[in-house]
Amino acid sequence: ITLSARLHTLTPPGGYEPSIYVVFRVTDNGPGMPDGVIEHVFEPFFTTKPRGQGSGLGLSVAFGMARRHGGWADATSE
């Protein structure tokens with residue numbers, strides 16, 4: 001897992017003006033996500049783990065924290 005933080009000038013979703021944001025990036029060399037998963041990763045309680053092995057709250061909490069601070073979250077998978 002690699003973590004990084006950098007300043008970038010970005011245009012946020014929703015047609016707002018470009019501004020400087022801190023971009024936190026988490027990358028790994030895992031196998032990626034199966035089709036149909038990435039569009040759900042920020043939904044509360046969404047998980048691909050077997051019942052009783054995870055709540056699926058991690059990325060939805062991260063998304064909420066970003067929104068409360070005027071930002072957003074995005075995910076990609078290859």
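About the criteria used
The residue numbering used here restarts from 1 in each chain and proceeds along that chain's sequence as written. Where totals are concerned, whole chains, interfaces and linings use all residues; where local detail is concerned, this predicted model gives features only for residues with pLDDT of at least 70, and gives and counts side-chain atom pairs only at 80 or more. As a rule here, side-chain values cover all heavy atoms of the structure and leave hydrogens and water aside. Here a strand is any run of E in DSSP of at least two residues, a helix any run of H or I of at least four, and the numbering for each starts at the N terminus. Residue burial is assigned from relative accessible area. The probe radius is 1.4 Å, only protein chains are included, and a residue is buried under 20% of its type maximum, exposed over 50%, and partly exposed in between. Two residues form a contact once any of their heavy atoms are found within 4.5 Å. Areas reported here follow the Shrake-Rupley algorithm with a probe of radius 1.4 Å; residue values treat only the protein chains shown as occluding. A positive count includes Lys and Arg, and a negative count includes Asp and Glu. His and the chain ends are not counted in either. Charge coordinates come from a single atom per side chain, which is NZ of Lys, CZ of Arg, CG of Asp or CD of Glu.

When you go through the protein residue by residue, the secondary structure sums to 1 helix and 2 strands. When the helices and strands of the protein are read in sequence order from the N terminus, they spell out β-β-α. Counting only C-alpha atoms and orienting by the principal axes, one finds that the protein spans roughly 40 × 25 × 20 Å. Among the 78 residues that make up the protein, the fraction classed as buried is 10%. Contacts in the protein between residues at least 24 apart in sequence constitute 30% of all its contacts with a sequence separation of at least 6. A total accessible area of about 6,600 Å² is found for the protein, and carbon and sulfur atoms account for 55% of it. On the protein, the mean spot of the 6 positive side-chain charges and the mean spot of the 7 negative ones are 10 Å from each other.

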